[in-house]
Amino acid sequence: MRDQESFVHVEDELDDVTTGEMELSERQSLRRVPGLSTELTDVTEVEYRQLRLERVVLVGVWTEGTVTDAENSLTELAALAETAGSQVLEGLIQRRTRPDPATYIGRGKVDDLGAVVLATGADTVICDGELSPSQLRNLEQRTKVKVVDRTALILDIFAQHAKSKEGKAQVELAQLEYLLPRLRGWGETLSRQTGGSGRGGGAGGGVGVRGPGETKLETDRRRIRHRISRLRREIKSMRTVRVTKRARRTRNSVPAVAIAGYTNAGKSSLLNRLTGAGVLVENALFATLDPTTRKATASDGRLYTLSDTVGFVRHLPHQIVEAFRSTLEEVAEADLVVHVVDGTHPDPEEQVRAVHEVLAEVGADRLPELLVVNKTDAADEDTLLRLKRLWPDAIFVSAHSGRGVDDLRATIEDRLPQPAVEVRAVLPYERGDLVSRVHRTGEVLSTAHLPEGTLLHVRVSAELAAELAQFDVERESQAAGSRS
């Protein structure tokens, strides 16, 4: 496995493009310090699984595909672990038809895993899959160290990187939904009950206790359910604000373009290149979570919006998809999806498949899609030739150097929805507001300045065409002909 520096480093500054330097500096200054204890910690009777990862061993179960697929998946898990602040010591893969229902890997292999943990001095095992509560418990009992699954790891990274109020609420909701079935306690014994009542008195169970009371575990579950309900209400209210803004853009006939793709494919860098948005750019997974929407102007003067969205990854936890559904709806409501693919990734086809799975979950799989292969300056020429044959309609760019970005911008403008109604009208010079609106939301085919006003030949929305009807040249000529 490569050491930590090979996975986490900062992209060089983009020429003439801001990259969120202040935010990046703050994040790097708060990196976790390796070597601290990661012993399991009990809070009263319930263990709250807070991740503090330092020295980790990765383990995966290879159930289908080739060995290259399995190795790519574990390499991605290593990048996730290092993004969370860990140092990866070793990676192990076991070939099985399906994961063991009790211990994830084969029971005989658990002892081998324990020996690797002991030999490397690791304090955490990360499994490349979502484990059941019993699998987590059994593995920890056998290996004597903390065990974390892929889902908890991704949730931990999201918690580190969420910045906005909505992002933090969405991540907390996903974490609580993951935690709820995994709370641990001593629910089997009455001696841990609280609130019991009966003639015998006291907190313990036994003869004379009429009601068992409520265990601390049940109390925590009830509190978590209450918090989940509250977070859902808050996110729903935030969604209302987002829907209102989107409706305003729709009413003004402003096309929306959503930038989607695999995490670390270069979506934020591309948004910076296209709009100068100044979004944080870092060579790390899930560096930016909060969506960013910026205004852009086409060469013909029309306005449209570009929105950066949360990155996807293979086996993205369903808790994340559900919690971020209101954010991902920005993609579903777009007029065009710019799907960014990392040209340097060892398996870009798998990236595309994983993104399409998530887009289908939020109802965005039927939208027009423009495939963009990024990082061509660092990609192998043979790989680029293969991808060009595989995706002949894709645009190949480098957000770092700017190569191909002008072609991408022109293609986006060509794919924008065209206004429906064609109008020729002479607008009086005092109606500059209408002229400005036509240039902003319509497509101007020709312009001429006459003594009586501005002659425009445009394609606009039906709503704007109705307002221009009183200045319609053809309608006026028809009316003059009928009077004569």
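Before reading further, recall that the structure is shown in the block above.
Since the model is a prediction, treat every value here as computed from it, not as a measurement. (Residues numbered from 1 in each chain as written. Predicted model: local features only at pLDDT ≥ 70, side-chain atom pairs only at ≥ 80, totals over all residues. Heavy atoms only, no water.)

*Asks:* Provide a residue-level description of unusual backbone geometry, including the pertinent values.
*Replies:* Of note, the phi angle at Asn264 is positive, near 65 degrees, even though the residue is not glycine. By the secondary structure assignment, Asn264 is in the loop between strand 9 (256-261) and helix 8 (267-275). Positive phi outside glycine occurs at Lys375, with the angle close to 65 degrees. (Helix = DSSP H or I, 4+ residues; strand = E, 2+ residues; numbered from the N terminus.)

*Asks:* Explain the environment of Asp472 residue by residue, including any values.
*Replies:* When you line up the elements, Asp472 lands in the loop between helix 15 (462-468) and helix 16 (473-483). The buried category is assigned to Asp472, whose relative accessible area is 15%. For the pair formed by Asp472 and Ala425, sequence separation is 47 residues and the distance between their alpha carbons is 4.3 Å. Those residues in contact with Asp472 that sit more than four places away from it in its chain are Val423, Arg424 and Ala425. (Buried < 20%, exposed > 50% of the residue type's maximum accessible area, 1.4 Å probe, protein only. Contact = heavy atoms within 4.5 Å.)

*Asks:* How would you sum up the environment of Asp112? Please name residues and give values.
*Replies:* Residue placement: Asp112 occurs in helix 3 (residues 107-120). By relative accessible area, Asp112 is classed as partly exposed at 41%.

*Asks:* So, the nonpolar core: which residues are in play, and what are the values?
*Replies:* Leu58, Phe312, Leu408 and Ile412 are the most contacted members of the largest nonpolar core, which has 93 residues in total. When residues in this core are grouped by element, the largest group, seven residues, is from helix 6 (residues 165-179). Ile412 has contacts with Val257, Leu274, Tyr304, Leu336, Val338 and Leu370, leaving out every residue within four places of it along the chain. Counting 14 residues, the second largest nonpolar core, distinct from the first, contains Val438, Leu456, Val458 and Ala465. (Core = buried A, V, L, I, M, F, W, Y, C linked by side-chain atoms within 4.5 Å.)

*Asks:* Let's hear about the sheet that holds strand 2 (residues 87-95): which residues, and what values?
*Replies:* Reading across from one edge, 2-1-3-4 is the order of the four strands in this open sheet, with parallel pairing throughout. Of all the strands in the sheet, the pair left with one neighbour each is strand 2 and strand 4 (146-149). Strand-to-strand, the axes of this sheet are offset by a mean angle of 25 degrees, without reference to chain direction. Inspection of the sheet shows strand 1 (residues 55-62) paired to strand 3 (residues 124-127) by four bridges, in the parallel sense. Of the residues in strand 3, the one forming a bridge with Leu58 is Ile126. (Pairing = 2+ DSSP bridges. Axes fitted to C-alpha atoms, helices over the stretch in contact; angles between N-to-C directions.)

*Asks:* Describe the packing of aromatic side chains, and please don't skip the residues or the numbers.
*Replies:* All told, the structure shown has zero aromatic pairs when counted by the stated rule. We note Arg95 situated over the ring of Trp62; from NZ or CZ to the ring centre the distance is 4.3 Å. In this structure, Lys388 is placed above the aromatic ring of Phe396, and the distance from its NZ or CZ to the ring centre is 5.4 Å. (Phe/Tyr/Trp six-rings, centres within 6.5 Å; stacked < 30°, edge-to-face > 60°. Lys NZ or Arg CZ within 6 Å of the ring centre and 35° of its normal.)

*Asks:* Tell me about the sheet that holds strand 17 (residues 453-460), and please be specific about residues and values.
*Replies:* An order of 15-17-16 is seen for the three strands of this open sheet, with the pairing classed as antiparallel. Looking at strand neighbours, the two that pair on one side only are strand 15 (421-427) and strand 16 (443-450), the edges of this open sheet. Strand-to-strand twist across the sheet, computed as the mean angle between neighbouring axes with direction ignored, equals 10 degrees. With seven bridges connecting them, strand 15 and strand 17 associate as antiparallel partners. Looking across to strand 17, one finds that Val421 is bridged to Val460. Sheet contacts for helix 14 (residues 432-441): strand 15, strand 16 and strand 17; angle to strand 17, the most-contacted strand, approximately 30 degrees.

*Asks:* Break down the pattern of salt bridges for me, with residues and values.
*Replies:* Oppositely charged side chains are able to pair whenever their charged atoms sit close together. Following the criterion strictly, the structure yields 20 salt bridges and no others. Between Glu357 and Arg353 there is a salt bridge, and its shortest N-O distance comes to 2.2 Å. With Glu357 and Arg353 both in helix 11 (residues 348-361) and four residues apart, the pair spans about one turn of that helix. Residue classification places Arg353 among the partly exposed residues on the basis of a relative accessible area of 35%. One salt bridge connects Arg459 with Glu422, and the closest N-O pair in it is separated by 3.9 Å. Here Glu422 lies in strand 15 and Arg459 lies in strand 17, a separation of 37 residues in the sequence. The exposure class of Glu422 is partly exposed, given its relative accessible area of 49%. One salt-bridge network, held together by shared partners, links Glu76, Asp128 and Arg150. (Salt bridge = Lys/Arg side-chain N within 4 Å of Asp/Glu carboxyl O.)

*Asks:* Give a description of helix 6 that names residues and reports values.
*Replies:* Along its 15 residues, helix 6 runs 21 Å from first to last C-alpha, staying within 8% of the 21 Å computed at 1.5 Å per residue. Within helix 6, the full set of buried residues consists of Glu166, Gly167, Ala169, Gln170, Val171, Leu173, Ala174, Leu176, Tyr178 and Leu179. (Expected span 1.5 Å × (residues − 1).)

*Asks:* Residue-level account of the packing of helix 3 against helix 4 (residues 133-143), with values.
*Replies:* At a closest axis distance of 9 Å, the pairing of helix 3 and helix 4 adopts a crossing angle of 50 degrees. Of the possible angle classes, the one that applies to helix 3 and helix 4 is oblique. At the point where helix 3 passes helix 4, the crossing takes the right-handed sense. Each of Arg107, Val110, Asp111, Leu113 and Gly114 in helix 3 lies in contact with helix 4, whose residues at this interface are Leu139, Arg142 and Thr143. (Parallel < 35°, antiparallel > 145°, perpendicular 65-115°, else oblique. Left-handed = near helix turned anticlockwise from the far one by under 90°.)

*Asks:* With reference to specific residues and values, describe helix 5 (residues 150-161).
*Replies:* Residues lying three or four places apart along an α-helix face the same way, a consequence of the helix completing one turn every 3.6 residues. For helix 5, with twelve residues, the first-to-last C-alpha span of 17 Å sits near the 16 Å given by 1.5 Å per residue. Within helix 5, ten of the twelve residues are buried, which leaves it mostly tucked inside the rest of the structure. Of all the positions in helix 5, only Arg150, Thr151, Ala152, Leu153, Ile154, Leu155, Asp156, Ile157, Phe158 and His161 are classed as buried.

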